[in-house]
Amino acid sequence: MEKVYGRTAAIQKDMVSSLCPGCMHSTMFKLIGEVLEKLDILSRTASVFGIGCCGLGMQYITYDNVTAPHGRACAVATGVKRSTPETIVYTYQGDGDLASIGLGETISAANRGENITVIFVNNGIYGMTGGQMAPTTLVGMKASTAPGGRNPKEHGYPLHMCEILNQLTAPVYLERCTCNTPANVIKTRKAIEKAFQNQIQGAGFSMVEVVTSCPTNWGLDPIESLKFLEEKMLTEFPLGVYRDRQEA
Ligand SMILES: Cc1ncc(C[n+]2csc(CCOP(=O)(O)OP(=O)(O)O)c2C)c(N)n1
Ligand code: SF4
């Protein structure tokens, strides 16, 4: 029988997922693996995982990884890339990691135009530590540190990382995607592929932001989470290509 779909060699065969039902980190780990395999760069790729549920990816992959202290992934990736330029390096970070404690590292790496690929998984909350408010938490959205919901007067407004990095001169590629439907999963895979191709060509800094769900800390089941993502998260975080210098 013809094989039409195979499991990517980038993910360990015997691992059982420890992620919650409906969590999109698992989709992301698979998509990244499929892209690395397609581009034939698995043997020279190093991931730099952030800390959080995002960092659980290191348990599943078959290729090299350095786990960075919370927020420092872009700085660590810079070190890996500059010291071994032949290595394909990407960071995989949650919103707490990339946009809160790591905001300075992220903006600085983008501003320097580091030739790295950044995968930013925005689920609007701190997942692993129990649902604290993140920079991307929506106005009115409840968090363990904002039980009455995010109040702009007290907590400010959600941060939009694609839009912020789009103010800088150096980045070459910024796109916001999601994984709520098969069509959007395919679009996300294409964006990830482009971000890696940019690095292979030496083009500079690329970031793919993926709006995802955290059913556990949103207090919703996986189906309700998809509805919340579509109706609320995507209204605050519009999908699209914010910058594509390679196209110009
Ligand atoms: C310096 C430091 N501060 C705080 C923590 C605690 N901590 C671990 S994971 C995490 C939040 C993770 O949230 P996010 O980055 O959004 O990733 P997710 O779990 O949602 O994938 C925090 C605050 C830590 N490990 N190190
Ligand atoms: S707590 Fe949230 S981010 Fe973490 S595995 Fe569960 S659903 Fe995913």
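Please refer to the structure higher up on the page.
Figured I'd write up the structure that's included with this text. Bear in mind the structure is a predicted one, so any value in this text is a computation, not a measurement.

1. Some remarks on the environment of P147
Positionally, P147 belongs in the loop between β4 (117-122) and α5 (152-155). Note on P147: relative accessible area 59%, which makes it exposed.

2. A word on the site of ligand 2
Taken together, the residues surrounding ligand 2 are L19, C20, C23, H25, C53, N123, G127, C214, P215, T216 and N217. Ranked by the residues each element gives to the shell around ligand 2, the list is headed by helix α8 (residues 215-218), at three residues.

3. As for the nonpolar core
Ranked by size, the top nonpolar core spans 49 residues in total, and within it I32, Y90, Y92, I119 and F196 carry the most contacts. For this core, the elements supplying multiple residues, two or more each, are α1 (25-38), β3 (88-94), β4, β5 (173-178), α7 (182-200), β6 (206-211) and α9 (222-236). Considering each element in turn, this core owes the most residues, six residues, to α1. Not counting the four nearest positions on each side in its chain, F196 is found in contact with I32, V35, L36, L39, I41, I88, Y90 and T117. Among the nonpolar cores identified, the runner-up in size contains 21 residues, and A73, C74, V118 and F120 belong to it.

4. What to know about helix α2 (residues 73-83)
Of the residues making up α2, those classed as buried are A73, C74, A77, T78, V80 and K81. The buried residues of α2 all sit within an arc of 170° when viewed along its axis, so they share a single face. What points out from α2, more than 90 degrees from its buried face, is the exposed set R82 and S83.

5. A closer look at the side chain of D97
Structurally, D97 is set in helix α3 (residues 95-101). For the buried D97, no salt bridge is present, and the opposite-charge side chain at shortest range is R72, 7.8 Å distant. Only 3.0 Å separates the side chain of D97 from the side chain of H70, close enough to count as a polar contact. Not counting residues up to four positions away in its chain, the partners in contact with D97 are G50, I51, H70, G71, A73 and G102.

Definitions and cut-offs
- Residues numbered from 1 in each chain as written.
- Chains lettered and ligands numbered in written order.
- Predicted model: local features only at pLDDT ≥ 70, side-chain atom pairs only at ≥ 80, totals over all residues.
- Heavy atoms only, no water.
- Helix = DSSP H or I, 4+ residues; strand = E, 2+ residues; numbered from the N terminus.
- Buried < 20%, exposed > 50% of the residue type's maximum accessible area, 1.4 Å probe, protein only.
- Near = heavy atom within 4 Å.
- Core = buried A, V, L, I, M, F, W, Y, C linked by side-chain atoms within 4.5 Å.
- Contact = heavy atoms within 4.5 Å.
- Arc of directions from axis to C-beta.
- Lys, Arg positive; Asp, Glu negative; His and termini not counted.
- Salt bridge = Lys/Arg side-chain N within 4 Å of Asp/Glu carboxyl O.
- Polar contact = N/O pair within 3.5 Å; in protein donor to acceptor, adjacent residues only side chain to side chain.

Purely spatial values, then, with no claim about function.
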